[in-house]
Each structure stands twice: as C-alpha cells, then as structure tokens.
Amino acid sequence: MAESIGKEVLSDDDTDKLVIGIENLDVTSTDINLCLIHDLQVGAFIEGVGILLGNYVGRFVEYDSSNKGAVWRPYMRIRVEVSVDDPLKTGRGIKIANGATAMVLFKYERLNLFCFLCGRLGHTESYCELSLVEEECSKPRKWGS
C-alpha cells in the first residue's frame, strides 16, 4: 500500500524513510546539560570524580578540561545526559580521604524547560501536575535560589 506525503510517495518497501505525523512523533526522554558540582575539596577536581558523580546525576558525557587549572573556581563542570522523567538531583553525600563525609551540591546550566515545582525537565510550573495540589505549591522548593 502506498501513501502520499507532499510530493513524495512512500511504499511499504521504503523502511528507511521517516513518516512525520502525530502517531510517529518520538519525543526524546533525555537531555544533555552542563552540571556544576559545588563544595568539592581541593584535589578532588579530577576526571575520575567527575565521572562517578556524573553517572550518579544521569549518564556522564564529558569532563571539562578547564577544571584542572581553575583553582580559583569553586565548582567542577561536567556534561551529563539526564532523563526528563526524573527530578534533577540536587546533591549527594560523599566520603572524603580522612573517612569523613561531605555534601556536594549539583547546579545546572543551560536548562531548556524546567519546572521549579517538581524538578523535572520538559515543562514549566504552569503545566506541572503538582500545581493542581495546593499542599505541593506551598512547600519550600529544592530547585532554584
């Protein structure tokens, strides 16, 4: 059976052609963003730490090589792929060299659509399911300043 789309005719044999339509719309479930890791100890700004923390946040993609020489900068920058279905992570406890634990904070740059209510990518507060629940709207927000 052949289908006409614009000037092009697609047949059942044309499996390598993409048919665009509402039924075939594939929305990506991940987004690649810059993650800033704050409150790391001096000496922990190494790629191995960035990979471990990046894989905790989502999926590690890239380490910013300028982290190594930026002793004046209070954060490590990495690129991560995160799921739009899960809230963004805000922090994590880590063990440091002397056996003590410390908390590192995650901040994000260049977010497209972000909901400060639920912490997920892909929509804003106006379109969030939680905006319909009064108790959720009055809670303090974990995301944002």
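Provided above is the structure to which this section pertains.
About the thresholds
- Residues numbered from 1 in each chain as written.
- Predicted model: local features only at pLDDT ≥ 70, side-chain atom pairs only at ≥ 80, totals over all residues.
- Heavy atoms only, no water.
- Buried < 20%, exposed > 50% of the residue type's maximum accessible area, 1.4 Å probe, protein only.
- Helix = DSSP H or I, 4+ residues; strand = E, 2+ residues; numbered from the N terminus.
- Arc of directions from axis to C-beta.
- Contact = heavy atoms within 4.5 Å.
- Salt bridge = Lys/Arg side-chain N within 4 Å of Asp/Glu carboxyl O.
- 1 Å grid on protein atoms, 1.4 Å probe; cavity = no way out; pocket = protein on both sides within 12 Å on 5 of 7 lines; lining within 4 Å.
- Points joined across faces, edges and corners; volume = space filled by probe spheres on them.
- Nonpolar A, V, L, I, M, F, W, Y, C, P; charged D, E, K, R; others polar.

S.K.: It is not clear to me how helix H1 (residues 47-57) should be interpreted in this structure. Could you clarify?
M.R.: Each α-helix winds once per 3.6 residues, and so residues spaced three or four apart point in a common direction. All buried positions along H1 are accounted for by Gly50, Leu53, Gly54 and Val57. Take H1 and look down its axis: the buried residues cluster within an arc of 105°, on one side only. At its buried positions, H1 is contacted by strand S3 (30-38), strand S4 (59-63), strand S5 (75-83), strand S6 (91-95) and strand S7 (101-109).

S.K.: Honestly, the pattern of salt bridges in this entry has me stumped. Any pointers?
M.R.: It is possible for side chains bearing opposite charge to pair when their charged atoms get close. The final tally for this structure, using the stated rule, is 4 salt bridges. Ionic pairing is found between Glu81 and Arg59, a salt bridge with its closest N-O pair at 2.6 Å. Placement of the pair is Glu81 in strand S5 and Arg59 in strand S4, with a sequence separation of 22 residues. A salt bridge links Arg79 to Glu62; its shortest N-O distance comes to 3.4 Å. Of this pair, Arg79 sits in strand S5 while Glu62 sits in strand S4, and the two are 17 residues apart along the sequence. A relative accessible area of 44% places Glu62 in the partly exposed class.

S.K.: Whenever I open this one, the layout of surface pockets confuses me. Can you help?
M.R.: Over the atoms a probe the size of a water molecule is rolled, and this reveals where empty space is left. Taken as a whole, the second largest pocket encloses approximately 180 Å³ of empty space. Residue lining of the second largest pocket: Leu40, Gln41, Ala44, Val49, Leu52, Leu53, Tyr56, Arg92, Ile94, Lys95, Ile96 and Ala97, and that is the complete set. Listing elements by their share of the lining of the second largest pocket, those giving two or more residues are H1 and S6. Here the element with the most residues in the lining of the second largest pocket is H1; it accounts for 4 residues. Across the lining of the second largest pocket, the residue classes tally to 9 nonpolar, 1 polar and 2 charged.

S.K.: Could you clarify how one ought to interpret the environment of Tyr127 in this entry?
M.R.: Locating Tyr127 in the fold gives a position in the loop between S7 and helix H2 (134-138). For Tyr127, a relative accessible area of 70% gives the class exposed. Sequence separation between Tyr127 and Cys115 is 12 residues, and the spatial gap between their C-alpha atoms is 8.5 Å.

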